[in-house]
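For reference, the chains in residue letters:
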Amino acid sequence: MRKLTYFAAVSVDGFIGAPGGEAGFFTDYVDEEYFEFLKAEFPETLPTGGRRALGLDDLENKEFDTVIQGRASYDLALAEGVTSPYAHMRQLVASRSIGTSPDPSVEIVSGDLAERVRALKREDGMGVYLCGGSDIAGQLLDEIDELVLKTYPLVLGSGMPMFGSEFRLTEFVPESVRMFGNGVLVRRYSRKR
């Protein structure tokens, strides 16, 4: 069975973005060592436009062949005129307000998102990358099998939490931690079942 992995950039205090969703400040930490790690371990998590600009189009997907993102995350790409931000993967966007997909390679999921994820997990293939959205991470908390948290040495104080959900305890087991010279920690957890 495929896994749903929430692969997220997060501050020390658990925010994935500023109150308005901005998160560009995380990219200030992408130095050579950290970029080489991302390129070697998670190249598919780099958007297609960035891969092309960096000459990385030939890199094979290592962990994921499908990406799910929320409407707000997708809107960031649409604002730049990009309708297929992860063209090197199967793309799903959770949205009740987009009627028709602006791109034939992007599936809009307007119904039961958890059921759609369960169907994806039953298919053959690589893992499913939950790209973003506090709200959809909260909606899919019961379906998340793994967390890969890129924790940046920043405190935001307030902002967009990792999970937009009500209080409930959900246990994960630490699998690995990698520390980089720029202060970033990449922590991997598996769901305790």
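As shown above, the structure is provided for reference.
Here is a short report on the structure shown in this document.

## Considerations on the overall build of the protein chain
Stage number 1. Helix and strand counts for the protein chain stand at five helices and 10 strands.
Stage number 2. Taken over the C-alpha trace, the protein chain has a radius of gyration of 16 Å; the compact-globule value for 193 residues is 16 Å, and the two agree within 12%.
Stage number 3. Across its three principal directions, the C-alpha atoms of the protein chain cover 45 × 45 × 35 Å.
Stage number 4. Intrachain contacts of the protein chain at a sequence separation of at least 6 include 68% that bridge at least 24 residues.
Stage number 5. Entry remark: accessible area of the protein chain is about 9800 Å², with carbon and sulfur atoms responsible for 53%.

## Brief notes about helix α1 (residues 32–41)
Stage number 1. Along α1, the residues classified as buried are Tyr34, Phe35, Phe37 and Leu38. Taken down its axis, α1 places every buried residue within 155° of arc, on the same side.
Stage number 2. Buried positions along α1 lie against β1 (4–11), β7 (146–152), β9 (172–179) and β10 (185–191).

## Quick look at the packing of aromatic side chains
Stage number 1. On inspection of all chains with the given rule, the structure shows 15 aromatic pairs.
Stage number 2. For the pair Phe7 and Tyr129, a centre-to-centre distance of 5.7 Å together with 85° between the ring planes defines the contact as edge-to-face. Of the two residues, Phe7 is situated in strand β1 and Tyr129 in strand β6 (residues 127–132); the sequence distance between them amounts to 122 residues.
Stage number 3. Judged by relative accessible area, Phe7 falls into the buried class, the value being 2%.

Conventions used here
- Residues numbered from 1 in each chain as written.
- Predicted model: local features only at pLDDT ≥ 70, side-chain atom pairs only at ≥ 80, totals over all residues.
- Heavy atoms only, no water.
- Helix = DSSP H or I, 4+ residues; strand = E, 2+ residues; numbered from the N terminus.
- Rg over C-alpha atoms; globule rule 2.2 N^0.38 Å.
- Contact = heavy atoms within 4.5 Å.
- Areas by Shrake-Rupley, 256 points an atom, 1.4 Å probe, with all protein chains shown as cover.
- Buried < 20%, exposed > 50% of the residue type's maximum accessible area, 1.4 Å probe, protein only.
- Arc of directions from axis to C-beta.
- Phe/Tyr/Trp six-rings, centres within 6.5 Å; stacked < 30°, edge-to-face > 60°.

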